[in-house]
There are 2 protein chains.
Amino acid sequence: MHTAPMASPHPFDQALALRHSDLASGHFIGSTHPAYWNMVGPFGGMTAALALQAVLRHPELLGEPVALTVNFAAAVTEGEFEIVAQPARTNRSTQHWTMEVRQRDAEGRMQVNTTATAVTAVRRQTWGENDCPMPEVPAPQAVERFSIGPKGVAWLEQYEMRPVSGALPRVWDGSGHHSETRIWVRDAAPRTLDFASLAAMSDVFYPRVWLRRATVVPAGTVSITTYFHATGAQLEQVGTGHLLGRATGQQFANGYFDQSAQLWSEGGTLLATSNQIVYYKE
Amino acid sequence: MHTAPMASPHPFDQALALRHSDLASGHFIGSTHPAYWNMVGPFGGMTAALALQAVLRHPELLGEPVALTVNFAAAVTEGEFEIVAQPARTNRSTQHWTMEVRQRDAEGRMQVNTTATAVTAVRRQTWGENDCPMPEVPAPQAVERFSIGPKGVAWLEQYEMRPVSGALPRVWDGSGHHSETRIWVRDAAPRTLDFASLAAMSDVFYPRVWLRRATVVPAGTVSITTYFHATGAQLEQVGTGHLLGRATGQQFANGYFDQSAQLWSEGGTLLATSNQIVYYKE
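Residues numbered from 1 in each chain as written. Chains lettered and ligands numbered in written order. Predicted model: local features only at pLDDT ≥ 70, side-chain atom pairs only at ≥ 80, totals over all residues. Heavy atoms only, no water.

**A short note on the overall build of chain A**
1) Next: When you go through chain A residue by residue, the secondary structure sums to five helices and 13 strands.
2) Next: Taken against the 2.2 N^0.38 rule, which gives 19 Å for 282 residues, the C-alpha radius of gyration of chain A at 18 Å falls within 12% of a compact globule.
3) Next: The dimensions of chain A, computed from C-alpha atoms along their principal axes, are 55 × 50 × 45 Å.
4) Next: In chain A, buried positions account for 59% of the 282 residues.
5) Next: A separation threshold of at least 6 residues defines the contact pool for chain A, and within that pool the share at least 24 residues apart is 70%.
6) Next: Carbon and sulfur atoms make up 50% of the accessible area of chain A, which totals about 11500 Å².
7) Next: Mean positive and mean negative side-chain charge positions of chain A (21 and 25 charges, respectively) differ by 2 Å. (Helix = DSSP H or I, 4+ residues; strand = E, 2+ residues; numbered from the N terminus. Rg over C-alpha atoms; globule rule 2.2 N^0.38 Å. Buried < 20%, exposed > 50% of the residue type's maximum accessible area, 1.4 Å probe, protein only. Contact = heavy atoms within 4.5 Å. Areas by Shrake-Rupley, 256 points an atom, 1.4 Å probe, with all protein chains shown as cover. Lys, Arg positive; Asp, Glu negative; His and termini not counted. Charge placed at Lys NZ, Arg CZ, Asp CG, Glu CD.)

See the structure below:
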């Protein structure tokens, strides 16, 4: 664990850095970061975090994130991108956002590679209840850290992952019989949890179809929706602690499966629930 | 059950009717329909169906719906509305859409009341598996039909609903202890299932917070995401049969809860999975 004082910002904050564009309020410029590179593009969770970050940085922001949907429309290529976040409607205590990530193609035309929507809200204390309790699992310290990433998958190095069950199969022999993973996760270099990192961590699970079939097939998230159940103050309290993530497939059919996921604080607070639909081949 | 030949279109098709606007391709005009009116606006499932219908009617449509997210940004008022559906990105076998529903306010300004995104795709036969089997429940014929809607809630009359468990509480005494409903549902007047009606039926569940608390509090869906796991041909095969819907809350906190839902054909095929985040008071 990295505990020395850091001269440069945390890699996640480097990747999350956006500068205002000259175009208009809500237009930002950013760059893909090598630390969060996946196999053929950036880690999708990072793109989701960036779409949300543009909202969080917008001068007209009302409240805190409640819902985020990010659609991965085309591969994000290495280098600079533009993010536009616009409030579509602002009410008394809720605000609805539309976002787009764009890049120039080889011919210099600006193309949309990601569309997204978000809901932010001023939350008030109400009655509450958790109907999806955290599974009973061993403490993070009792679970071995996952250390072998496929070569070239940089973003995996940015997370401390301790799979409790449903780890990446060691043998790809078609023997899979379920699609549930339970895993402790947090930033490898300590960083206090916030909405952007929670959005990213909602996408840390490897494709359910690999587990279900114990077979590697091409797969990629097409759309992810995350609901935030905690306030920024609660996330700050979680601090640099581990989150328990649980992900399971529901239906695999004709090239697409869905994944239902939950993320709890170590203390058992359900911080986020997240769903995604994933393309797969064969 | 209505079995006589119908002189006029099915109420759902009447409500779903869109005419092309003169503005541009992908601009449509529609009107709220009294048969799908809820308490202070149209049934949200109908608005979701309409957002999807604008995509399905678009001349550039590629494939069939895979994902739909609809954000209820402001109340839809009675009367005419405009829907704009635009393909944000078209790939070889997938297409990403953004949609908006707009109405003129009292001052005549066009205002967005609904934002939405969709993914459509040409689906190919692949390996498949259902990891979320249909619960064992009595056949629809063995379950009593729910017939008493709160006065003035027209849309409830449009569905034949047979709650297996987790029905609307009869006594509002704060005694609730779970948030799961299982219900047989189909159009009250027979209509062959399609993507638009499946999108609508994904939103037929009453607010989980009412069941969980056995208390009526103000509540309303803020955002819904539905994943479609079947092809149009499969939906047509389901025809006018019952669907089993299951909905449960996961987390209730600070004014918002999420609902996780599944819809199976009577034969046990998981046709759609749907999640929503719902505002509630107190």
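**Some thoughts on the packing of aromatic side chains**
All names here are of chain A.
1) Next: One pass over the full model with this rule turns up 26 aromatic pairs over all chains.
2) Next: Through successive ring pairs, a cluster of aromatic residues spans Phe12, Tyr36, Phe43, Trp155 and Tyr159.
3) Next: Of note, arginine 208 hangs over the ring of tyrosine 206, and the distance from its end group to the ring centre comes to 4.8 Å. (Phe/Tyr/Trp six-rings, centres within 6.5 Å; stacked < 30°, edge-to-face > 60°. Lys NZ or Arg CZ within 6 Å of the ring centre and 35° of its normal.)

**Re the pairing of strand β11 (residues 243-253) of chain B**
1) Next: Within β11 of chain B, 11 of the 11 residues are buried, which leaves it mostly tucked inside the rest of the structure.
2) Next: The pairing of strand β7 (residues 129-130) of chain A with β11 of chain B spans two bridges and is antiparallel. Each residue of the ladder has a partner; that of asparagine 130 of chain A, found in β11 of chain B, is glutamine 251 of chain B.
3) Next: Relative to β11 of chain B, strand β9 (residues 181-187) of chain B runs antiparallel, the two being bridged by five bridges. (Pairing = 2+ DSSP bridges.)

**Let's talk about the pattern of salt bridges**
Residue and element names in this part refer to chain A.
1) Next: Counted under the stated rule, the structure contains 26 salt bridges over all chains.
2) Next: A salt bridge links aspartate 13 to arginine 191, with the nearest nitrogen and oxygen atoms 2.8 Å apart. Taken as a pair, aspartate 13 in helix α1 (residues 11-16) and arginine 191 in the loop between β9 (181-187) and α3 (195-201) lie far apart in primary sequence, 178 residues in all.
3) Next: The exposure class of aspartate 13 is partly exposed, given its relative accessible area of 31%.
4) Next: With relative accessibility at 12%, the residue arginine 191 sits in the buried group.
5) Next: Aspartate 194 serves as the salt-bridge partner of arginine 191, at 2.9 Å between the closest nitrogen and oxygen.
6) Next: Overlapping salt bridges bring together Asp13, Arg191 and Asp194 as one network. (Salt bridge = Lys/Arg side-chain N within 4 Å of Asp/Glu carboxyl O.)

**Re unusual backbone geometry**
With glycine set apart, most residues show a phi of negative sign, and most peptide bonds adopt trans.
Residue and element names in this part refer to chain A.
1) Next: Within the chain, asparagine 254 stands out as a residue other than glycine whose phi angle is a positive 45°.
2) Next: Relative to the helices and strands, asparagine 254 is located in the loop between β11 (243-253) and β12 (256-265).
3) Next: When its relative accessible area of 14% is taken as the criterion, asparagine 254 is described as buried.

**Brief notes about the interface of chain B and chain A**
1) Next: Taken residue by residue, the interface counts 61 residues in chain B and 61 residues in chain A.
2) Next: Summed over the shared surface of chain B and chain A, the result is four salt bridges.
3) Next: Between glutamate 129 of chain A and arginine 212 of chain B there is a salt bridge, with the nearest N and O atoms lying 3.9 Å from each other.
4) Next: Our count for the contact surface shared by chain B and chain A stands at 44 residue pairs in polar contact (both at pLDDT 80 or more).
5) Next: Ranked by residue count, the leading element in the side of chain B that touches chain A is strand β6 (residues 110-121) of chain B, at seven residues.
6) Next: Split by residue class, the side of chain B that touches chain A holds 21 nonpolar, 31 polar and nine charged. (Polar contact = N/O pair within 3.5 Å; in protein donor to acceptor, adjacent residues only side chain to side chain. Nonpolar A, V, L, I, M, F, W, Y, C, P; charged D, E, K, R; others polar.)

**Digging into the environment of valine 122 of chain A**
Residues and elements named next belong to chain A.
1) Next: Looking at the element boundaries, valine 122 is found in the loop between β6 (110-121) and β7.
2) Next: Residue class for valine 122 comes out partly exposed when judged on its relative accessible area of 34%.
3) Next: For the pair formed by valine 122 and arginine 57, sequence separation is 65 residues and the distance between their alpha carbons is 16 Å.
4) Next: In this structure valine 122 touches Leu62, Gly63 and Ser93, once residues within four positions along its chain are discounted.

**Focus: the side chain of arginine 191 of chain B**
1) Next: Of the polar contacts made by the side chain of arginine 191 of chain B, one reaches the side chain of aspartate 194 of chain B; its length is 2.8 Å.
2) Next: Excluding residues that lie within four positions of it along the chain, arginine 191 of chain B makes contacts with His10, Phe12, Asp13, Leu16, Ser197, Gly239 and Thr240 of chain B.

**Some details on the confidence of the model for chain A**
1) Next: Residues of chain A with pLDDT of at least 70 account for 96%, and the chain-wide mean is 95.
2) Next: As a predicted assembly, this complex carries a pTM of 0.96 together with an ipTM value of 0.96. (pLDDT = per-residue confidence, 0-100.)

**Details of the relation of the copies chain B and chain A**
1) Next: Relative to chain A, chain B is turned by 180° and slid 0.0 Å along the rotation axis, the superposed coordinates differing by an RMSD of 0.0 Å. Expressed as a symmetry operation, the mapping of one chain copy onto the other fits a two-fold axis.
2) Next: Mapped onto chain A, 100% of the interface residues of chain B are again interface residues, and the two copies thus contact each other with one and the same surface. (Least-squares fit on C-alpha atoms with pLDDT ≥ 70 in both.)

**Comments concerning the state of the cysteines**
1) Next: By the definition in use, this model includes zero disulfides over all chains.
2) Next: Note on cysteine 132 of chain B: no disulfide assigned, nearest cysteine sulfur contributed by cysteine 132 of chain A at a separation of 13 Å. (Disulfide = S-S within 2.5 Å.)

**Quick look at the pairing of strand β4 (residues 80-90) of chain B**
Residues and elements named next belong to chain B.
1) Next: Sheet topology places strand β2 (residues 27-31) next to β4; five bridges connect them, and they run antiparallel. Along β4, the bridge assignment pairs isoleucine 29 with glutamate 82.
2) Next: For β4 and strand β5 (residues 94-104), the ladder comprises eight bridges, and the chain directions are antiparallel. Residue isoleucine 83 lies in a different strand from β5, and its bridge partner there is valine 101.
3) Next: The hairpin formed by β4 and β5 contains three residues between the paired strands.

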